[in-house]
Amino acid sequence: AVTFNLQAYASVFIDTVWVPLYGTATTAQTVEIWTNPTAIAAAPGTNGIAAPAWTQRVVQPGNLPLNTSSSGPFQFTPIVIPGGLLMSAGSHWGFAVGGTGVSIAYTNLVAGNLDTFAATGFVTLRNGTNIGFGGTWPSATIASRQFTGGISFRPASGRELRVS
């Protein structure tokens, strides 16, 4: 498992999370993506990544492409979020990626925060102290870890947005 924060400066749809998986091929593989509407500021705790604080967004089972090493170079597996996940402008969410039968490659983060995609003006993917945690799914308690995958997003502006 690994955690990170995602902050939206404009409304966006998160379509795909690109994950560097590694391990030995098995028939019981799944990868899960969970979100928390509050940015991560501490380890997920003894309850781990679970409802009600966290919402499961996707479970992708199957024979997923795996890297043989946790140190790269990586082949990234796309975990598609059906229909896209709408993040409104100003949202700052916690994300967790983990699974069974696979491991998620992450890197050690020495100190401070590391922002990715900040220059786009749409989103910032933030790893850092009290944000990035790794460990066995669904517990992510090892600090400080950095998500080494990526996201695909598209602007939501100019689209018909519905509130339910």
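Let me sum up the structure you'll find in this document. (Residues numbered from 1 in each chain as written. Predicted model: local features only at pLDDT ≥ 70, side-chain atom pairs only at ≥ 80, totals over all residues. Heavy atoms only, no water.)

### Notes on the overall build of the protein
Now for step 1: On a plain count of helices and strands, the protein comes out with 0 helices and 14 strands.
Now for step 2: If you list the helices and strands of the protein from N to C, you get β-β-β-β-β-β-β-β-β-β-β-β-β-β.
Now for step 3: Taking 2.2 N^0.38 as the reference for a compact globule, 164 residues should give roughly 15 Å; the C-alpha atoms of the protein span a radius of gyration of 15 Å, in line with that estimate.
Now for step 4: Taking the principal axes of the C-alpha coordinates as reference, the protein spans close to 45 × 35 × 35 Å. (Helix = DSSP H or I, 4+ residues; strand = E, 2+ residues; numbered from the N terminus. Rg over C-alpha atoms; globule rule 2.2 N^0.38 Å.)

### Some words on the side chain of Thr 3
Now for step 1: Mapped onto the fold, Thr 3 is located in strand E1 (residues 2-8).
Now for step 2: Judged by its relative accessible area of 0%, Thr 3 is buried.
Now for step 3: At 2.7 Å, the side chain of Thr 3 and the backbone oxygen of Ile 131 are in polar contact.
Now for step 4: Among the polar contacts made by the side chain of Thr 3, one reaches the main-chain amide nitrogen of Phe 133 at a distance of 2.9 Å.
Now for step 5: With residues near it in sequence (within four places) discarded, Thr 3 still touches Ile 40, Pro 44, Ile 49, Phe 95, Ala 96, Asn 127, Ile 131, Gly 132, Phe 133 and Ala 140. (Buried < 20%, exposed > 50% of the residue type's maximum accessible area, 1.4 Å probe, protein only. Polar contact = N/O pair within 3.5 Å; in protein donor to acceptor, adjacent residues only side chain to side chain. Contact = heavy atoms within 4.5 Å.)

### Topic: the packing of aromatic side chains
Now for step 1: This structure, assessed with the given rule, holds 5 aromatic pairs.
Now for step 2: An angle of 10° between the planes, with centres 5.3 Å apart, marks the rings of Phe 4 and Phe 95 as stacked. Here the residue Phe 4 occupies a position in strand E1, and Phe 95 occupies one in strand E6 (residues 92-100), the gap between them amounting to 91 residues. The residues Phe 4 and Phe 95 share a single accessibility class, namely buried.
Now for step 3: Considering the side-chain rings of Phe 74 and Phe 76, the 6.1 Å spacing of their centres and the 70° angle between planes classify their relative orientation as edge-to-face.
Now for step 4: Ring-pair connections join several aromatic residues into one group, and the members of that group are Phe 4, Trp 93, Phe 95 and Phe 147. (Phe/Tyr/Trp six-rings, centres within 6.5 Å; stacked < 30°, edge-to-face > 60°.)

### Points about unusual backbone geometry
Now for step 1: Residue Pro 52 follows Ala 51 across a cis peptide bond; omega there is 5°.
Now for step 2: Inspection of the secondary structure puts Pro 52 in the loop between strand E3 (30-36) and strand E4 (55-61).
Now for step 3: Across the junction of Trp 137 and Pro 138, the peptide omega takes the value 5°, indicating a cis bond.
Now for step 4: Looking at the secondary structure, you find Pro 138 in the loop between strand E11 (133-134) and strand E12 (142-143).
Now for step 5: Positive phi is not limited to glycine here, since Asn 130 has a value of about 65°.
Now for step 6: A relative accessible area of 42% places Asn 130 in the partly exposed class.

### Digging into the pairing of strand E10 (residues 123-128)
Now for step 1: Counting buried residues along E10, 6 of its 6 residues qualify, which places the element largely inside the surrounding structure.
Now for step 2: Pairing between E1 and E10: 4 bridges, direction antiparallel. Looking at E10, one finds that Leu 6 is bridged to Leu 125.
Now for step 3: Both strand E9 (residues 113-116) and E10 contribute to a ladder of 4 bridges, which runs antiparallel. What sits directly across from Asp 115, in E10, is Arg 126. (Pairing = 2+ DSSP bridges.)

### Structural notes on the side chain of Gln 146
Now for step 1: For Gln 146, the position within the fold is in strand E13 (residues 145-147).
Now for step 2: Judged by relative accessible area, which is 18%, Gln 146 ranks as buried.
Now for step 3: Setting aside residues no more than four positions away along its own chain, Gln 146 makes contact with Val 2, Tyr 106, Thr 107, Leu 109, Leu 114 and Asn 127.

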